[in-house]
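Descriptive structure summary
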Amino acid sequence: MKNVSIFLFVLGLCMIGDVYGKKSMITVKNEFSPESRKVLKVHCKSKNNDIGVKYLKIGEIMSFSFKTNFWGTTEFWCYVYKGPDYKRFRAFTAYQASGLFVKDGSSYNWLARDDGIYFHKNLLPTYFKLYWL
């Protein structure tokens with residue numbers, strides 16, 4: 001009985017950490033060249049949360065924060081479309097938890113540019129990730 005009590009106490013502490021853990025953030029920014037005057041259509045969602053469709057003018061940012069679930073299965077994916085006709089697009093996994101009891105608190109930054117999609121985490125260097133389709 002004592003072992004069960006200890007197990008439940010430790011499990012409770014883990015759950016409190018999940019409830020009060022660090023929030024992570026996803027940002028998507030329209031970095032098309034000013035000459036292009038293109039709008040970026042963005043739609044991000046997870047299994048349980050739909051952030052909705054946003055239209056970003058050049059220089060505008062869409063961001064949202066979230067906590068990784070207790071089981072470490074949180075995943076967000078985004079669809080970005082290049083205006084004005086929105087025929088060129090990309091779909092990508094914007095965040096995927098790396099395992100059980102993850103308390104990330106990082107910023108995942110996605111940049112839409114004329115030649116494709118770029119990424120950087122926190123203050124690390126930006127790098128090319130995907131071409132437009």
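In the block above lies the structure referred to throughout.
Below is a short write-up of the structure. Every residue gets a number counted from 1 within its own chain, in the order that chain's sequence is written. Note on the predicted model: pLDDT of at least 70 is required for a residue's local features to be given, and 80 or more for side-chain atom pairs to be given and counted; whole-chain, interface and lining totals, by contrast, use all residues. With hydrogens and water set aside, each side-chain value is computed from the structure's full complement of heavy atoms.

1. As for the layout of surface pockets
Approximately 220 Å³ is the volume found for the largest pocket. The pocket and cavity definitions rest on a 1 Å grid over protein atoms only: a 1.4 Å probe that fits but cannot leave marks a cavity, an open set with protein on both sides within 12 Å along at least five of seven lines marks a pocket, and residues lining either have an atom within 4 Å of a point. Around the largest pocket sit 15 residues that line it, and S46, N48, N49, T74 and E75 are the ones nearest its centre. Elements are defined by DSSP. Helices are runs of H or I of four residues or more, strands are runs of E of two residues or more, and each kind is numbered from the N terminus. Secondary structure elements with two or more residues in the lining of the largest pocket: β4 (61-66) and β5 (75-82). Asp, Glu, Lys and Arg are counted as charged, while Ala, Val, Leu, Ile, Met, Phe, Trp, Tyr, Cys and Pro are counted as nonpolar; the rest, among them Gly, fall into the polar class. Classifying every residue of the lining of the largest pocket by side-chain character gives 5 nonpolar, 7 polar and 3 charged. Grid points are joined across faces, edges and corners, and a volume is the space filled by probe spheres set on the points.

2. A word on the sheet that holds strand β7 (residues 107-113)
In this scheme, strands are said to pair when DSSP sees at least two bridges between them. One open sheet accounts for 5 strands, arranged β4-β1-β7-β8-β9; its pairing is mixed. Lying at the two open borders of the sheet, with one neighbouring strand each, are β4 and β9 (127-130). Sheet twist, expressed as the mean angle between neighbouring strand axes with direction ignored, is 25°. In this sheet, β4 lies alongside strand β1 (residues 24-30) in antiparallel orientation, the contact comprising 6 bridges. Looking at β4, one finds that M25 is bridged to S65. Axes here mean lines fitted to C-alpha atoms, for a helix over just the part in contact, with angles spanning 0 to 180 degrees between N-to-C directions.

3. Overview of the sheet that holds β5
If you trace the 4 strands from one edge of the open sheet to the other, you get β3-β2-β5-β6, paired in antiparallel fashion. What marks the edges here is a single partner per strand, and that holds for β3 (50-56) and β6 (88-96). Sheet twist, expressed as the mean angle between neighbouring strand axes with direction ignored, is 15°. The sheet contact formed by β5 and β6 spans 8 bridges and is antiparallel. When the bridges of β6 are listed, E75 appears paired with Q96.

4. A word on the state of the cysteines
Counting rule for disulfides: a pair of cysteine sulfur atoms within 2.5 Å. The final tally for this structure, using the stated rule, is 1 disulfide. Residue pairing for C44: its cysteine sulfur links by disulfide to C78, the two sulfurs lying 2.0 Å apart. Sign of the S-S torsion, about 110° for the bond between C44 and C78, identifies this disulfide as right-handed. You can see C44 sitting in strand β2 (residues 40-46) and its partner C78 sitting in strand β5, a full 34 residues away along the chain.

Nothing here speaks to function; it is all geometry.
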